[in-house]
Amino acid sequence: MTAIIIDGKASAAKLREKIAVEAARLKSAHDLQPGLATVLVGNDPASEVYVRNKGKTAEALGFKSVHVALAADTAQTVLLGKVRELCADKSVHGILVQLPLPKHIDEAAVLDALDPAKDVDALTPTNAGLLLSGRAHLVSCTPAGVMLLLKEYVGDITGKDVLVIGRSLLFGKPAAQLLLAANATVTMAHSRSRDLPAIARRADILVAAIGKPEMVKADWIKPGATVIDVGINRVDAGGGKTKLVGDVDYDAAKDVAGAITPVPGGVGAMTIVCLMQNTLIAACTQNGLPLPKL
Ligand code: NAP
């Protein structure tokens with residue numbers, strides 16, 4: 001069997017198109033320009049690339065884009081002051097503080113300073129709680145992207161056995177909530193789970209968000225299962241070069257799975273567009289407008 005390759009780039013391009021149309025409509029009908037602020041502390045090269053891409057995508061969609069770059073040794077009080085300033089700025093509807101933050105900064109304190117209405121990464125306790133109660137407008141971007149891919153490639157997931165490997169606040173926990181809300185039977189696994197290959201073999205849909213290159217092997221996958229690889233790992237490619245791989249042994253897994261996301265070009269492509277979707281939603285809710293139909 002050769003799996004259907006889930007084309008995240010194509011799905012992301014379709015959503016991006018709809019967001020651009022909606023942003024143009026907001027501008028002409030309400031003179032409203034969605035605004036996204038990114039905050040980066042320090043100069044981690046990967047984070048710089050992520051933040052630059054977010055800014056560029058926002059601008060390409062006609063959003064206002066603000067970038068705040070702070071030195072790695074910035075005091076927590078200065079960062080908190082900057083976040084509060086952005087929270088008070090009416091032209092900024094979404095604020096993304098790029099994680100991880102330097103060790104001397106308490107991430108929880110920074111999240112607590114964020115206005116939940118502008119928390120487009122949906123990491124504040126308020127947005128996590130709203131998701132739990134089924135009332136969230138802003139949903140964590142990568143899990144939201146995964147749900148869109150499942151909707152497009154699998155359709156109704158009612159009753160399906162779904163395994164999520166990884167229980168982070170950023171991905172695993174919100175993904176499990178969304179899958180539950182879609183009526184799947186959800187199993188969460190993590191570093192203390194016993195006999196992960198056996199748990200994995202039961203899954204109709206396997207979602208890996210571990211951060212361990214190619215850890216999920218082909219013989220962990222039930223034949224015909226859908227495999228969603230969230231992992232992004234940079235590994236040595238020989239000759240002084242590096243390459244990106246996921247958490248799944250893609251080359252072997254694609255001969256067993258029914259459908260699979262590649263890395264890159266799968267889940268990652270959706271994340272940034274879902275961030276733009278959240279910014280659009282935030283702009284609407286902060287201006288008393290109905291949620292955009294995308
Ligand atoms: P994280 O916070 O480090 O969480 C990793 C999770 O994997 C933890 O829950 C951990 O379990 C679990 N884990 C670690 N080793 C394991 C093992 N041997 N067996 C089973 N579970 C294990 O990472 P994250 O932020 O969720 O990200 C995970 C991966 O997704 C990373 O590669 C990251 O780069 C990628 N990512 C991609 C996107 C995207 O846009 N595509 C977005 C976000 C993240 P414990 O809780 O027990 O420690």
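Note that this is a predicted model, so its numbers are computed, not measured.

Would you explain the overall build of the protein in this entry?
On a plain count of helices and strands, the protein comes out with 10 helices and 11 strands. Scaling as 2.2 N^0.38, a compact globule of 294 residues should have a C-alpha radius of gyration of about 19 Å, and the protein matches this with 19 Å. For the C-alpha atoms alone, the extent of the protein along its principal axes is close to 50 × 40 × 35 Å. Sorting the 294 residues of the protein into buried and exposed places 47% on the buried side. Put simply, 69% of the contacts in the protein that link residues at least 6 apart link residues at least 24 apart. Carbon and sulfur atoms provide 54% of the accessible area of the protein, an area that totals close to 13800 Å². Within the protein, the 29 negative side-chain charges are centred at a point lying 2 Å from the centre of the 32 positive side-chain charges.

Would you explain the site of the ligand in this entry?
Residues in contact with the ligand amount to 21 residues; listed here are only the nearest, Arg167, Ser168, Ser191, Ile232 and Thr271. Between the ligand and His190, the relevant distance is 3.5 Å, taken from a nitrogen atom to a main-chain nitrogen or oxygen of the residue. A distance of 3.1 Å separates an oxygen atom of the ligand from a polar atom in the backbone of Ile232. In isolation the ligand has 930 Å² of accessible area, and contact with the protein removes 71% of it. In terms of residues, the shell around the ligand owes the most to one element, helix H10 (residues 267-286), which gives 3 residues. Looking at the shell around the ligand residue by residue, the classes come out as 9 nonpolar, 10 polar and 2 charged.

Just to check I follow, could you spell out the side chain of Thr279 for this structure?
Considering the arrangement of structural elements, one finds Thr279 in helix H10. Those residues in contact with Thr279 that sit more than four places away from it in its chain are Pro34, Gly35, Leu36, Phe63, His93, Gly94 and Val120.

How do you make sense of the environment of Thr77 when you look at a structure like this?
Within the secondary structure layout, Thr77 lies in helix H3 (residues 76-88). Given a relative accessible area of 61%, Thr77 falls into the exposed group. Each C-alpha atom, one on Thr77 and one on Ala109, is 10.0 Å from the other, the two residues being 32 residues apart in sequence.

Before we go on, may I ask you to explain the packing of helix H1 (residues 8-30) against H10 in this structure?
For any two helices packed against each other, the geometry is given by the interaxial angle and the distance between the axes. Put simply, H1 and H10 touch, their axes get as near as 9 Å, and they point 20 degrees apart. On the basis of their axis angle, the class for H1 and H10 is roughly parallel. Crossing handedness for the pair H1 and H10: left-handed. Two secondary-structure elements touch here, H1 through Gly8, Lys9, Ser11, Ala12, Leu15, Arg16, Ile19, Glu22, Ala23 and Leu26 and H10 through Ala269, Met270, Val273, Cys274, Met276, Gln277, Leu280 and Cys284. The residue makeup of the contact of H1 with H10, split by class, is 12 nonpolar, 3 polar and 3 charged.

How should the environment of Ala203 be read in this particular structure?
Within the element layout of this structure, Ala203 appears in the loop between helix H8 (196-200) and strand E7 (205-208). The class for Ala203 is buried, based on a relative accessible area of 3%. Among all residues touching Ala203, those that are not within four sequence positions of it are Asp161, Leu163, Lys222 and Ala225.

What's the story with the sheet that holds strand E3 (residues 64-70) in this structure? I'm lost.
By way of backbone hydrogen bonds, the strands of a sheet pair with one another, either parallel or antiparallel. The sheet built from 3 strands is open, its strands ordered E3-E2-E4 with parallel pairing. The sheet is open, and its two edges are formed by E3 and strand E4 (94-97), each paired on a single side. Strand-to-strand twist across the sheet, computed as the mean angle between neighbouring axes with direction ignored, equals 15 degrees. Relative to E3, strand E2 (residues 35-41) runs parallel, the two sharing 7 bridges. Counted as the bridge partner of Val39 is Val68 from E3. Against the sheet, helix H2 (residues 45-60) engages E2, E3 and E4, with an angle of about 170 degrees to E2. Contacts between H10 and the sheet are confined to E2 and E4, with E2 contributing the most and set at about 125 degrees to the helix.

Cut-off values and rules
All residue numbers refer to position in the chain's written sequence, counted from 1. This being a predicted model, a pLDDT of at least 70 is required before a residue's local features are given, and a value of 80 or more before pairs of side-chain atoms are given or counted; all residues contribute to the totals for chains, interfaces and linings. Heavy atoms from the whole structure form the basis of all side-chain values; hydrogens and water molecules are not counted. Runs of H or I in DSSP of at least four residues are treated as helices and runs of E of at least two as strands, each being numbered from the N terminus. Radius of gyration here is computed from C-alpha atoms only, and the compact-globule reference equals 2.2 Å multiplied by the residue count raised to the power 0.38. Burial classification: accessible surface area is computed with a 1.4 Å probe over protein chains only, and a residue below 20% of its type maximum counts as buried, one above 50% as exposed, and the rest as partly exposed. Contacts: residue pairs with any heavy atoms within 4.5 Å of one another. Methods summary: accessible areas were calculated by the Shrake-Rupley approach with a probe of 1.4 Å, and residue burial reflects only the protein chains presented. The charge count includes Lys and Arg as positive and Asp and Glu as negative, but it does not include His or the ends of the chains. To locate a charge, take NZ of a lysine, CZ of an arginine, CG of an aspartate or CD of a glutamate. Any residue with a heavy atom positioned within 4 Å of a molecule or strand is treated as near that molecule or strand. Under the rule applied, a polar contact is a pair of N or O atoms within 3.5 Å (in protein, one hydrogen donor and one hydrogen acceptor; residues adjacent in sequence only if both atoms are side-chain atoms). Lys, Arg, Asp and Glu make up the charged group, whereas Ala, Val, Leu, Ile, Met, Phe, Trp, Tyr, Cys and Pro make up the nonpolar group; the residues left over, Gly among them, are polar. The convention used is that axes are lines fitted to C-alpha atoms, helices contributing only their stretch in contact, and that angles between N-to-C directions extend from 0 to 180 degrees. The scheme is simple: roughly parallel for angles under 35 degrees, roughly antiparallel for over 145, roughly perpendicular for 65 to 115, oblique for anything else. Note: crossing handedness is left-handed where the near helix turns anticlockwise from the far helix by less than a right angle, and right-handed where it turns clockwise. Strand pairing requires that DSSP identify at least two bridges connecting the strands.

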